Amino acid sequence: MKKTIWGRLMSILMVGALTAVTLAGCGNNSGNNGGGGSNKSSSGSKSQASTTKSSSSASSQTTRNGNRKEVTVWHYFEHEAAALEKIVEQYNEKQDKIHITCTFVSREELMNQYTIGAVSGELPDIGMVDSPDMASYISLGVFEDIDDELKAWGDLDQFYEGPLNSCRDSEGRLHGIPNNSNCLALLCNMDILNAAGIKEPPTTWDEFYEVCKATTNPADSVYGFAMCAISNEEGTFQYIPWLYASGADVTTLTSPEAAESLDFLGKLVKEGLMSKEVVNWGQGDALNAFVAGKAAMLESGTWQVAQMDSRNVKVDCNYKYAVLPKGKKNASVIGGENFGVCAGTDAKEECVDFLKYMMTAENNADWCEIAGKLPVRADATKLKDFWTADPRYAVFNESMAFAVARGPHESWPTISEALYTAEQSALLGEKTGADAMKQAASVVDPILAKVPIAK
């Protein structure tokens, strides 16, 4: 065991702790946490039953059924499980080297099993992981380096940079492949905007600020904008686009641009254009404010389209999606899941072959259409009109071209905490953007000096 393993285990335990508080960035189509949240955790009894069902197929216990190796895939998909199982069934029928079995494990339990398996060696052959968490598990040795195999495939140039980067280690090598994604855009109540004489959603920070002023109505407790700025990963998820749009990133927190991103959001609260309560709001709470007509604009995720279509969230207004307003550049942030080949499997080559099959343009398009998610391949979006004919999904599809990954970094939970703490202090008027970022940098910069973010 490496000398640093216990330090890395502590990082993973922090991931688990954050998971228990918020399941951020996975793209659920139901519930309040949504795409800044995860598929809902199931009850312990369901997780235990599902895990027991295929526990004998962990890689250390891989057996041969005739001439076929028995391989297991651990995942926490719920309503998307049928789509995954369909692809697995197709793959099982097309080749005779391995037989793959899908095993559902609740997200929280799956993360715990990875942490334990990093030491015990009890891991599946293929495992799913939330994109911002993958770097932590890579550092623990949970996932195999499959960079050479994927480069030899020749398809990597079709993958969006943000999702693909979430699968890299600190040296930029791939330990997995993205499966699906979601991102953030601007949702506008066009009834409120039109009443204020505004015909189209804002496209720049300056326009956005003016629309916020024009649509805020203190007498009716209507704010120009609502977002989630809660003190957990959901808050970081919604802040990242503003940081990157300013021209800064997590490696340049002491820059004037980084300070400007906080001062800009802080100004909205200070001038009464955004409620101070956003520091207590999850993404579902912010959506509720928009739906109630108390916010003219909302920072909204892909999954919320499905919520509105299913009528789980009833929207009684004319609304329109647009890309988030541009600062020095356009920016959004990704959520979604990745798959990797787990350490210790005796079927590495075969597992990589399955991942490549699962992630062909055709299969990625078919799967994401069924699951209501965004493809991670640009060429997949051209195969169906699901993401282009619907103007709402078209906006999210456009945003994927400039959506960034959170990290990737093995200490992302610590970095994330520093970011949402800085954001809250600026929104509450406790610190200027520069002072808040200086404090955040005092935490983040030493971490990145030791282990840089892969570029």
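Refer to the structure printed above.
**Examining the pairing of strand β2 (residues 68–75)**
And step 1. Burial analysis of β2 places seven of its eight residues in the buried class, which makes it a mostly covered element.
And step 2. When β2 meets strand β3 (residues 98–104), the two strands line up parallel, connected through seven bridges. Residue pairing in the sheet places Lys69 in a bridge with Ile98 of β3.
And step 3. For the segment spanning β2, helix α3 (residues 81–94) and β3, crossover handedness is right-handed.

**Here we look at the pattern of salt bridges**
Note on pairing: side chains with opposite charge can pair once their charged atoms come close.
And step 1. Within the structure shown, the criterion is met by 20 salt bridges.
And step 2. When the shortest N-O distance is used, the salt bridge between Glu260 and Lys328 registers 3.6 Å. On the criterion of sequence distance, the pair formed by Glu260 in helix α11 (residues 256–270) and Lys328 in the loop between β9 (319–322) and β10 (332–333) is long-range, its members being 68 residues apart.
And step 3. Its salt-bridge partner being Asp379, residue Arg377 comes within 2.8 Å of it at the nearest N-O pair.
And step 4. When its relative accessible area of 18% is taken as the criterion, Asp379 is described as buried.
And step 5. Linked through salt bridges whose partners overlap, the residues forming this network are Asp145, Asp147, Asp148, Lys151 and Arg173.

**Thoughts on the sheet that holds β9**
Strand-to-strand pairing in sheets goes through backbone hydrogen bonds, with the strands running parallel or antiparallel.
And step 1. Strand order across the open sheet formed by four strands is β7-β8-β6-β9, with mixed pairing between neighbours. On the outer flanks of this sheet lie β7 (223–226) and β9, each paired with one strand and no other. Neighbouring strand axes in the sheet, compared pairwise and without regard to direction, differ in orientation by 20° on average.
And step 2. With five bridges joining them, strand β6 (residues 184–189) and strand β8 (residues 295–301) adopt antiparallel strand pairing. Residue Leu187 lies in a different strand from β8, and its bridge partner there is Leu298.
And step 3. Sheet contacts for helix α12 (residues 283–291): β6, β7, β8 and β9; angle to β8, the most-contacted strand, approximately 145°.

**Side note on the packing of helix α10 (residues 233–245) against α11**
And step 1. The interhelical angle for the contact between α10 and α11, taken along N-to-C directions, is 125°, at an axis separation of 8 Å. The orientation of α10 with respect to α11, classified from their angle, is oblique. Crossing of α10 over α11 shows right-handed handedness. Packed against α10, whose contacting residues are Tyr239, Trp242 and Leu243, the element α11 presents Ala258, Ser261, Leu262, Phe264 and Leu265 at the interface.
And step 2. Looking at the contact of α10 with α11 residue by residue, the classes come out as seven nonpolar, one polar and no charged.

**Structural notes on the packing of α10 against helix α17 (residues 412–427)**
And step 1. It is at 9 Å that the axes of α10 and α17 come closest, and there the two elements cross at 75°. Taken together, the axis directions place α10 and α17 in an arrangement best described as roughly perpendicular. Together, Glu233, Gly235, Thr236, Tyr239 and Ile240 of α10 and Trp412, Ser416, Leu419, Tyr420 and Glu423 of α17 make up the contact between the two elements.
And step 2. Its residues assigned to classes, the contact of α10 with α17 comprises five nonpolar, three polar and two charged.

**Quick look at the environment of Asn165**
And step 1. Topologically, Asn165 is positioned in helix α7 (residues 161–165).
And step 2. Looking at Asn165, the relative accessible area reads 15%, which means it is buried.
And step 3. A distance of 2.9 Å separates the side chain of Asn165 from the side chain of Arg168, its partner in a polar contact.

Rules used in this analysis
Residues numbered from 1 in each chain as written. Predicted model: local features only at pLDDT ≥ 70, side-chain atom pairs only at ≥ 80, totals over all residues. Heavy atoms only, no water. Buried < 20%, exposed > 50% of the residue type's maximum accessible area, 1.4 Å probe, protein only. Helix = DSSP H or I, 4+ residues; strand = E, 2+ residues; numbered from the N terminus. Pairing = 2+ DSSP bridges. Right-handed = clockwise from strand over helix to strand, strands pointing away. Salt bridge = Lys/Arg side-chain N within 4 Å of Asp/Glu carboxyl O. Axes fitted to C-alpha atoms, helices over the stretch in contact; angles between N-to-C directions. Contact = heavy atoms within 4.5 Å. Parallel < 35°, antiparallel > 145°, perpendicular 65-115°, else oblique. Left-handed = near helix turned anticlockwise from the far one by under 90°. Nonpolar A, V, L, I, M, F, W, Y, C, P; charged D, E, K, R; others polar. Polar contact = N/O pair within 3.5 Å; in protein donor to acceptor, adjacent residues only side chain to side chain.

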